[in-house]
Amino acid sequence: MNKDANFEYNEADTELNNVYQKLLSEYKSDSIFIDRLKKAQRIWLSYRDAELEMKFPAENKQLEYGNTYSMCVSIYLEELTEQRIEKLKDWLNGIDEGNICSGSIEAN
């Protein structure tokens, strides 16, 4: 189970990196956007790590959370990563036309 959960998280992490790289490529002419994207991604990584620490705050995690701790970490990281992927995909896929708060996200 640990191996499967870790595999799923690694798959999501690879997808996140692919989406991020595609954004860097597609928006390469917009240096301000790229700067903000990089900043947001660094902050998101810190947020992800802080969320994980909040969910499993014990000093001795293995003792406190047991043998399933590693699996649970992978499951939670996958969940957070999938959420980030969906958010970043808005810039690749666009959003519904008429959204007046779309900012830098193009409308379909």
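In the block above lies the structure referred to throughout.
Reading the values: rules and limits
- Residues numbered from 1 in each chain as written.
- Predicted model: local features only at pLDDT ≥ 70, side-chain atom pairs only at ≥ 80, totals over all residues.
- Heavy atoms only, no water.
- Salt bridge = Lys/Arg side-chain N within 4 Å of Asp/Glu carboxyl O.
- Buried < 20%, exposed > 50% of the residue type's maximum accessible area, 1.4 Å probe, protein only.
- Axes fitted to C-alpha atoms, helices over the stretch in contact; angles between N-to-C directions.
- Helix = DSSP H or I, 4+ residues; strand = E, 2+ residues; numbered from the N terminus.
- Parallel < 35°, antiparallel > 145°, perpendicular 65-115°, else oblique.
- Left-handed = near helix turned anticlockwise from the far one by under 90°.
- Nonpolar A, V, L, I, M, F, W, Y, C, P; charged D, E, K, R; others polar.
- Expected span 1.5 Å × (residues − 1).
- Contact = heavy atoms within 4.5 Å.

Scanning the model with the defined rule gives four salt bridges in all. For R36, the salt bridge is made with D35, and the minimal N-O distance between the two is 3.3 Å. On the accessibility criterion, D35 (44% relative accessible area) is partly exposed.

Here we take up the packing of helix α1 (residues 2–26) against helix α4 (residues 69–93). The interhelical angle for the contact between α1 and α4, taken along N-to-C directions, is 20°, at an axis separation of 8 Å. Relative to α4, α1 is oriented roughly parallel. Between α1 and α4 the crossing geometry is left-handed. Within the contact of α1 with α4, the residues separate by chemical class into 13 nonpolar, five polar and nine charged.

Moving on to helix α2 (residues 31–55). Residues that lie three or four places apart on an α-helix share one face, since the helix turns once every 3.6 residues. Between its first and last C-alpha, α2 extends 36 Å over 25 residues, near the 36 Å set by a 1.5 Å rise per residue. For α2, the complete set of buried residues consists of F33, I34, L37, Q41, W44, R48, E51 and L52. For α2, the secondary structure elements touched by its buried residues are α1 and α4.

This next bit is on α4. Helix length check: α4 (25 residues) gives 36 Å between terminal C-alpha atoms against 36 Å at 1.5 Å per residue, within 8%. Against the buried residues of α4 lie α1, α2 and α3 (61–65). Immediately beyond the C-terminal end of α4, within one or two residues, lies G94, with a positive phi of roughly 80°.

All we've got here are geometric facts, nothing functional implied.
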